[in-house]
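As a plain string of letters, each chain reads:
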Amino acid sequence: MKRSVFLFWLYSNLTILCIPIIITMVVLFQSQHLLSSEVTRSNEALLNQVKQSFDNQFKDIKRMGLQLSLDPKVTKFLNQSDYSTAEVKLDTLELISSLRSYGASNGDITDLYLYLKTQQIGVSTSAMNEADLLFQLFHGDKDMTMAEWQKAVNKTYFGNFVKFANDDMVYLQSLPIQDMSEAKATLVVLLNMERLKAAIANIQLAQSGSVLIIDSNNQLLMAAGETEHISDIDYGRLTASEGSFQQNWAQGEVTVSYVSSVENAWKYVAIVPSKVYSAKVGLLRDWIYAGLFLCIFVGGPMSIWLTKRHYMPIRRMVDMVSPKVKSNLEGIGNEFSLLQSFMTENAAFQDTANRTIQLQQNVLRSHFLARLLKGRVESGSALAQSMASFELRFKTNKFAILLFHIGEYTELFMGTGPSDTESRLQYVYYIVTNITEELIGRKHGVYSTEVEGMVAFLVNIQGEDEAVAKQELIEIAQEAQTIIQGKFYIQLTIGISDIHPSVTGIPHGFEEALEALEYKFVIGPSQIIPYERIKRPKNELYYPLDTERKLINHIKTGQYEEAMDAVSELIVTNVSDGTLSLQLGKLLMFELIGTILKAIEHFQQGPSELAVEKTVLIKQLTQCESFAEIEDEIYKFLKIVCDYVDSKKKSHNTNLKDQVLTYIDEHLADMSLSLTSLSLKFEVNAPYLSSFIKEQSGETFIDYVNKQRVRLAKQLMMNSDDTITDITQKVGFTNSNTFIRVFKRYEGITPGQFRKGE
């Protein structure tokens, strides 16, 4: 055996030592470029901060200009025709006070005034002046003539920042903003240039170079820092929204960075001499050389010493293991190969033994859990010993059972997976068990097993509050069902037992979970059924005679929607205030089927009428596994019966029906609307027309008209402020008392209560 590990580690450490040396050389060559890029990014970041700060300030000025433009005092002042009256002068004083408050609210402006173009007067924060005096007060000391000023303020502006003179920037807004084409006045806001320049001058870029603000035409608006040679900059290269470039300047090479403002279409430009960061490159080079020296003269000896130190444990292990593999030393290359050979053989033996033991342990524990759930185990010390041998450790003495009934799962294996049923079922058990154990294990202890084709989970409840624990079990079951059904297409019905205070109560909990699962016939599959929900079932059936008569009448007249609503009402009423017992649930379904068959007997003309459909119904009912499936079959059969009745109606004069009902809807406001007037209108006798309306609509003429009038009245009450008396007349009632009585008859409340939303 060659002892090559030491040399290998030594060469490796020396190679690793060379890596930082190479890296430092690369860093040295790339440092200038990297620092230049970093400075550019830093400049752009600072420029973005400046842009954001100034954009916010200018946005505030624009917002103030908009508020002032909409100020009622300004609007009133603009609409005056004679500015010499005493009343207008008083209004002007109020306007001056308002302008003063606007000016004082923003520190970025020095003053503001309102200039009336046709009157050639202006109102400032102190007084109302003629145009020439106004110019002298605010712009007389600037590099600007009176004619230039008048030309500027007589233009139309949509909230623009304009440079009047070399050191004079203003914000201009034409008024009124509602009609910019005929602007009567111009709002002029003078910016505090000293404050804005001071804000630029305080940033680091201005202290080491220059910061400029230029407009969309590359005209200089503001500058800070070194400004002597800023005209030498190639502004034509500022074409993108942001960027940077290098340029030779009077004092050497500079880096020009710029960003654009969406708010004003301005560009913020920073000019930084390259010498600012070249000094940093020199400092970095000195540090790199110092690092190279340390790597070579300190790292080399350290690598040799560390290699010897790390090799010693390997040497000791080889000396210990080599006698046990003496017969194989000839074919082993180095120390690691020897150790690997020994550990591989030992690990393989241990894995085989552990797998065999674990497999047997899992099977025996699953069998023991199944017997424990069914109460077929010893009690006392024998039970405790068995649980200890199967590593069943319970932290508390409170237990509950979750029982999972596996439903349809064929979609999980659509085109993939094992083909035989047993393998598929075991795979399904594996999915259900792992997901559910993970969810339960977050809060409680849990053990699982298979019982009679179902997956049972023995839950050791943690915590003192049983009510909270019951709710947690329901939430865990809901989460498990959502994951397993949503991702793996495995249908689950879950029964949950009550919590029992001892190990001896586990079989009773298992019986409760089984009993809860039986109620899937009542409430349907894929449900979560706590035993607490069904242990006090409802034992009274609600099936009044008048509801049965109403259902029969709907069937006899072929009104499927009304008949379906009546069936749904009966089912909801019986199950809404308590769990219906199995016996009463079946009785309810039989009663519904009997009522439908009873209705058929009233209009059948022969023994063969709907015979095939009834036979199919009975066959389908015997195959149903839940109330929901029976209910679905009842609705299907109800649809067939109602369609049959509808096909047997004596009259199918759809054209006459549409004409009559349309005429009624259009003449609801007519108080003289009656069956007689309709018969005269359509030239048919009144008895036939009455029978025809009942046949086509399922309601008498009076009921149909009253319902339509109530419907129209509800629309008027929701969509208008008309009084009840006005609405009474608009919907065709002779007086309010009749209207209120009819409305309450059909809606259950008075019109006034309906309007209040009671």
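See the structure above.
Rules used in this analysis
- Residues numbered from 1 in each chain as written.
- Predicted model: local features only at pLDDT ≥ 70, side-chain atom pairs only at ≥ 80, totals over all residues.
- Heavy atoms only, no water.
- Pairing = 2+ DSSP bridges.
- Helix = DSSP H or I, 4+ residues; strand = E, 2+ residues; numbered from the N terminus.
- Axes fitted to C-alpha atoms, helices over the stretch in contact; angles between N-to-C directions.
- Phe/Tyr/Trp six-rings, centres within 6.5 Å; stacked < 30°, edge-to-face > 60°.
- Buried < 20%, exposed > 50% of the residue type's maximum accessible area, 1.4 Å probe, protein only.
- Expected span 1.5 Å × (residues − 1).
- Contact = heavy atoms within 4.5 Å.
- Patch = residues over 30% accessible without salt bridge, like charges linked within 9 Å, V, L, I, M, F, W, Y side chains within 5 Å.
- Areas by Shrake-Rupley, 256 points an atom, 1.4 Å probe, with all protein chains shown as cover.
- Salt bridge = Lys/Arg side-chain N within 4 Å of Asp/Glu carboxyl O.
- Lys, Arg positive; Asp, Glu negative; His and termini not counted.
- Charge placed at Lys NZ, Arg CZ, Asp CG, Glu CD.
- Parallel < 35°, antiparallel > 145°, perpendicular 65-115°, else oblique.
- Nonpolar A, V, L, I, M, F, W, Y, C, P; charged D, E, K, R; others polar.
- Core = buried A, V, L, I, M, F, W, Y, C linked by side-chain atoms within 4.5 Å.
- Arc of directions from axis to C-beta.

*Asks:* So what exactly am I meant to see when it comes to the sheet that holds strand 16 (residues 528–530) here?
*Replies:* Think of a sheet as strands paired side by side through backbone hydrogen bonds, with each pair either parallel or antiparallel. Strand order in the open sheet formed by five strands is 13-14-12-15-16, with mixed pairing between adjacent strands. Among the strands making up the open sheet, the edge pair consists of strand 13 (445–451) and strand 16. On average, each strand axis in the sheet is inclined to that of its neighbour by 20°, with strand direction left out of account. Across three bridges, the pairing between strand 15 (residues 492–496) and strand 16 is parallel. If you follow isoleucine 494 over to strand 16, its bridge partner there is isoleucine 528.

*Asks:* Is there a simple way to think about the packing of aromatic side chains in this case?
*Replies:* Two numbers describe a pair of aromatic rings. These are the distance of the centres and the angle of the planes. A full pass over the atoms with the stated rule returns 18 aromatic pairs. With centroids separated by 5.2 Å and ring planes inclined at 65°, the aromatic side chains of tyrosine 115 and tryptophan 149 adopt a geometry described as edge-to-face. Placement of tyrosine 115 in strand 1 (residues 109–116) and of tryptophan 149 in helix 5 (residues 146–153) is noted, with a sequence separation of 34 residues between them. Classification of tyrosine 115 by relative accessible area gives buried; the value is 0%. Taking relative accessible area as the criterion, tryptophan 149 reaches 0% and is therefore assigned buried.

*Asks:* What exactly am I supposed to notice about helix 11 (residues 421–441) here?
*Replies:* For an α-helix, the turn length of 3.6 residues means that residues three or four places apart are oriented alike. In this model helix 11 runs 30 Å from its N-terminal to its C-terminal C-alpha over 21 residues, within 8% of the 30 Å that 1.5 Å per residue would give. Considered for burial, the residues of helix 11 that qualify are Val428, Tyr429, Ile431, Val432, Thr433, Ile435, Thr436, Leu439 and Ile440. Of the surrounding elements, those touching the buried residues of helix 11 are strand 12 (399–406), strand 13, strand 14 (454–460), helix 12 (466–488) and strand 15.

*Asks:* Teacher, can you tell me more about a negative patch on the surface here?
*Replies:* Where like charges cluster on the molecular surface, the negative patch consists of Glu561, Glu562, Asp565 and Glu569. Of note, glutamate 561 is situated in helix 17 (residues 560–576).

*Asks:* Would you take a moment to explain the pattern of salt bridges for this structure?
*Replies:* A side chain with one charge can pair with a side chain of the opposite charge if their charged atoms come near. Under the criterion given, the structure shown has twelve salt bridges. The partner of glutamate 472 in a salt bridge is lysine 443, and the shortest N-O contact between them spans 3.9 Å. In this pair, glutamate 472 sits in helix 12 while lysine 443 sits in the loop between helix 11 and strand 13, placing the two residues 29 residues apart along the sequence. The exposure class of glutamate 472 is buried, given its relative accessible area of 18%. Salt bridges sharing partners connect three or more residues here, namely Asp632, Glu633 and Lys636.

*Asks:* Would you mind going over the packing of helix 4 (residues 131–139) against helix 5 with me for this structure?
*Replies:* Each pair of packed helices can be described by the angle between their axes along with the distance between the axes. The N-to-C vectors of helix 4 and helix 5 enclose an angle of 100°; their axes lie 11 Å apart at closest approach. Put simply, helix 4 runs roughly perpendicular to helix 5. Here helix 4 contributes Ala131, Asp132, Leu134, Phe135 and His139 to the contact with helix 5, which in turn contributes Met146, Trp149 and Gln150. Considered class by class, the residues forming the contact of helix 4 with helix 5 number five nonpolar, two polar and one charged.

*Asks:* For this particular structure, what's the right way to read the pairing of strand 13?
*Replies:* Working note: regular strand, side chains alternate between the two faces of the sheet. For strand 13, the buried fraction is high: five of the seven residues fall into the buried class. Two strands pair when backbone bridges link them, and strand 13 and strand 14 are joined in this way by seven bridges, in the antiparallel orientation. Each bridged residue has a counterpart across the sheet, and for valine 451 the counterpart in strand 14 is methionine 454. Two successive antiparallel strands, strand 13 and strand 14, enclose a turn made up of two residues, where glutamate 452 displays a positive phi of approximately 55°.

*Asks:* It is not clear to me how the sheet that holds strand 6 (residues 185–191) should be interpreted in this structure. Could you clarify?
*Replies:* What the six strands build is an open sheet, ordered 3-2-1-6-5-4; its pairing is antiparallel. Edge strands, defined here as strands with exactly one partner in the open sheet, are strand 3 (128–130) and strand 4 (158–165). Going across the sheet, the axis of each strand differs from the next one's by a mean of 25°, ignoring polarity. Packed on one face of the sheet, helix 3 (residues 86–104) meets strand 1, strand 2 (121–124) and strand 3 and runs near 55° to strand 2. Strands strand 1, strand 4 and strand 6 of the sheet are contacted by helix 5, whose axis makes an angle of about 75° with strand 1.

*Asks:* Is there a simple way to explain unusual backbone geometry in this structure?
*Replies:* Trans peptide bonds make up most of the peptide bonds, and negative phi angles are found at most residues other than glycine. The peptide bond linking leucine 175 to proline 176 adopts the cis configuration, its omega dihedral lying at 0°. Tracing the chain through its elements places proline 176 in the loop between strand 5 (168–175) and strand 6. In this structure, glutamine 120 is a non-glycine residue whose phi angle is positive, near 55°. In this structure, glutamate 391 takes a positive phi of about 55° despite not being glycine. By secondary structure assignment, the location of glutamate 391 is in the loop between helix 10 (381–389) and strand 12.

*Asks:* Where do I start with the environment of proline 418 in this structure?
*Replies:* Along the polypeptide, proline 418 turns up in the loop between strand 12 and helix 11. Among all residues touching proline 418, those that are not within four sequence positions of it are Phe413, Ser423 and Arg424.

*Asks:* Please clarify how the environment of glutamate 464 should be interpreted in this entry.
*Replies:* With respect to the helices and strands, the residue glutamate 464 is situated in the loop between strand 14 and helix 12. C-alpha of glutamate 464 to C-alpha of threonine 396: the two residues are 68 residues apart in sequence and 9.5 Å apart in space.

*Asks:* Where do I start with the nonpolar core in this structure?
*Replies:* Generally speaking, nonpolar side chains in soluble globular proteins are found buried as a group. Of all hydrophobic cores here, the largest spans 43 residues; its most connected members are Phe54, Phe58, Leu114, Leu191 and Tyr268. Sort the elements by how many residues they give to this core and helix 1 (residues 5–69) lands first, with seven residues. By size, the runner-up hydrophobic cluster in this structure holds 36 residues, among which are Ala516, Ile552, Leu588 and Ile634.

*Asks:* Where do I start with helix 23 (residues 686–697) in this structure?
*Replies:* Taking 1.5 Å per residue as the helical rise, helix 23 with its twelve residues ought to reach 16 Å, and the 16 Å between its terminal C-alpha atoms agrees with that figure. Of all the positions in helix 23, only Leu689, Phe692, Ile693, Glu695, Gln696 and Ser697 are classed as buried. Burial along helix 23 is one-sided: seen end-on, the buried residues are contained in an arc of 165°.

*Asks:* Help me understand the side chain of lysine 398 in this model?
*Replies:* Assignment of secondary structure puts lysine 398 in the loop between helix 10 and strand 12. Within the buried core, lysine 398 has no salt-bridge partner, and the shortest N-O distance to an opposite charge, that of glutamate 464, equals 4.4 Å. With residues up to four places along the chain from it excluded, the contact list for lysine 398 reads Val459, Asn460, Ile461, Gly463, Glu464, Glu466, Ile499, His500 and Pro501.

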